[in-house]
Amino acid sequence: MQRLFFVLSALIFSISAHATDWEEYPESLPQFSFPGDSLKQQWDNLTRLTQVAYPDENWIKSMMTDYPRLAHHMMVLGSDPESHPAVFKAIQDSDYSDLAAAVQEVWRLHYSGHYREAYKLGMQLGPFGEVPAIYSRLVHATLLIDDHDEKMSEFSESAALSNEGLTLAPEYRFAEFGLVYAKVRMLELLSTGEARSSGYIPIAQDKLDKLQEYAPDRGAYPLTRGGLEAGIVERVGSFLGSITYGATESSAIENFELARKLLPDMAIVYNEYSVGLKRLDKDDFRKEIRELLNTCIGLTPVNAEDALNQMHCKRSLEKNTKD
């Protein structure tokens, strides 16, 4: 039975990994590398958006203690000699050094723009690697995939994987954010009727409320909330948005402004803010959009995710100028 579990897990991973049409990080953009200790040294700067904890041995041990179901899951994974060597060593020898190093490598690949490799490695490391792997897949889908149906498939599958992970580590904040982020991105792609009937809007609002209450200084939350509310207003208007979902033009802008205050030098804020204003009213906010995009392209990106957001700002500014 246990052997069947691992065969099925490997099959699911194989299908999931190969279903994605991975786009490469453009060679024309700034290239990033975080070898050795540089990842840890730059960690706070790299993770300003999410403030995710650095994945060292102590973090792994604390997660195993805090989430018994996760610990049991890792025990099952690590009991198979064909599991990833770092997972096997962690369970067989109670030595988490290699597992921590492997999870760090997932992040190293992610922030360097090697999303396919980050996903492939992370999905072999159990829940500790799967969470950053899913995040890498979400960033890739958001910033490098243009096709509507492929985007929807990526966000939907990422949401499903995040749900599975949260059964092992309930209330792990970064995984919760990954799930709500995927659902907000799905809402952007749905028709108005589909979005309203999906039930995702109140779920995303409730989860973002709780996440913001837990960490009011984490810029990812108001930024995502601003995008969600801008999408609601775009579809149904401020009046109906207000009485149905508590979302208005002003509340969307307030969230974007809070994100900008918390993260004044991150390209993603200006990219998402400008997209949000286009949804609210492209003509009314033409000047503000141009200012946001100009600020965005004047920033110095610190990782591949930053550089990709800046790339989108440049494209939007060119299009905004032509329009």
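Everything below is about the structure shown above.
Residues numbered from 1 in each chain as written. Predicted model: local features only at pLDDT ≥ 70, side-chain atom pairs only at ≥ 80, totals over all residues. Heavy atoms only, no water.

### Describing a nonpolar patch on the surface
A grouping of F239, L240 and I243 is seen on the molecular surface, where their side chains present a nonpolar patch of about 330 Å² in accessible area. Along the chain, I243 turns up in helix α14 (residues 220-245). (Patch = residues over 30% accessible without salt bridge, like charges linked within 9 Å, V, L, I, M, F, W, Y side chains within 5 Å. Areas by Shrake-Rupley, 256 points an atom, 1.4 Å probe, with all protein chains shown as cover. Salt bridge = Lys/Arg side-chain N within 4 Å of Asp/Glu carboxyl O. Helix = DSSP H or I, 4+ residues; strand = E, 2+ residues; numbered from the N terminus.)

### Some remarks on the packing of aromatic side chains
Scanning the model with the defined rule gives 13 aromatic pairs in all. Here the aromatic rings of W59 and F128 are separated by 5.6 Å at their centres, their planes lie at 75°, and the arrangement is edge-to-face. Of the two residues, W59 sits in helix α4 (residues 57-66) while F128 sits in helix α9 (residues 127-144), which places them 69 residues apart along the sequence. According to the relative accessible area criterion, F128 is buried, its value standing at 2%. Summarising the aromatic geometry, the rings of F256 and Y273 are spaced 4.9 Å apart at their centres and angled 15° between planes, so their arrangement reads as stacked. You can see F256 sitting in helix α15 (residues 249-262) and its partner Y273 sitting in helix α16 (residues 267-281), a full 17 residues away along the chain. These aromatic residues form a ring-pair network of at least three members: W43, Y54, W107, Y111, Y135 and F174. A cation over an aromatic ring shows up here: R173 above the ring of Y214, its NZ or CZ 3.9 Å from the ring centre. (Phe/Tyr/Trp six-rings, centres within 6.5 Å; stacked < 30°, edge-to-face > 60°. Buried < 20%, exposed > 50% of the residue type's maximum accessible area, 1.4 Å probe, protein only. Lys NZ or Arg CZ within 6 Å of the ring centre and 35° of its normal.)

### A word on the environment of S158
Inspection of the secondary structure assignment puts S158 in helix α10 (residues 148-168). Using a relative accessible area of 0% as the deciding quantity, one classes S158 as buried. When the C-alpha atoms of S158 and G237 are compared, they prove to be 30 Å apart, with 79 residues separating the residues in sequence. If near-sequence neighbours (up to four positions away) are discounted, S158 is found in contact with I134, R137 and L138. (Contact = heavy atoms within 4.5 Å.)

### With respect to the layout of surface pockets
If you roll a probe as big as a water molecule over the atoms, it shows you where there is empty space left. Roughly 620 Å³ of volume is contained in the second largest pocket. R185, E188, E272, V275 and R279 are the residues nearest the centre of the second largest pocket, which is lined by 31 residues in total. Looking at the lining of the second largest pocket, the elements with two or more residues in it are α9, α10, α11 (173-189), α12 (192-198), α14, α16 and α18 (304-322). Of the residues belonging to the lining of the second largest pocket, the class tally is 13 nonpolar, seven polar and eleven charged. (1 Å grid on protein atoms, 1.4 Å probe; cavity = no way out; pocket = protein on both sides within 12 Å on 5 of 7 lines; lining within 4 Å. Points joined across faces, edges and corners; volume = space filled by probe spheres on them. Nonpolar A, V, L, I, M, F, W, Y, C, P; charged D, E, K, R; others polar.)

### A few points about empty space enclosed by the protein
What the rule picks out here adds up to five cavities of 30 Å³ or more. If you add up the space inside the largest cavity, you get close to 210 Å³. Lining the largest cavity are 18 residues, and of these Y181, R185, T224, I268 and E272 lie nearest its centre. Secondary-structure elements contributing two or more residues to the lining of the largest cavity are α9, α11, α14, α16 and α18. The dominant element in the lining of the largest cavity, judged by the number of residues it contributes, is α11, at five residues.

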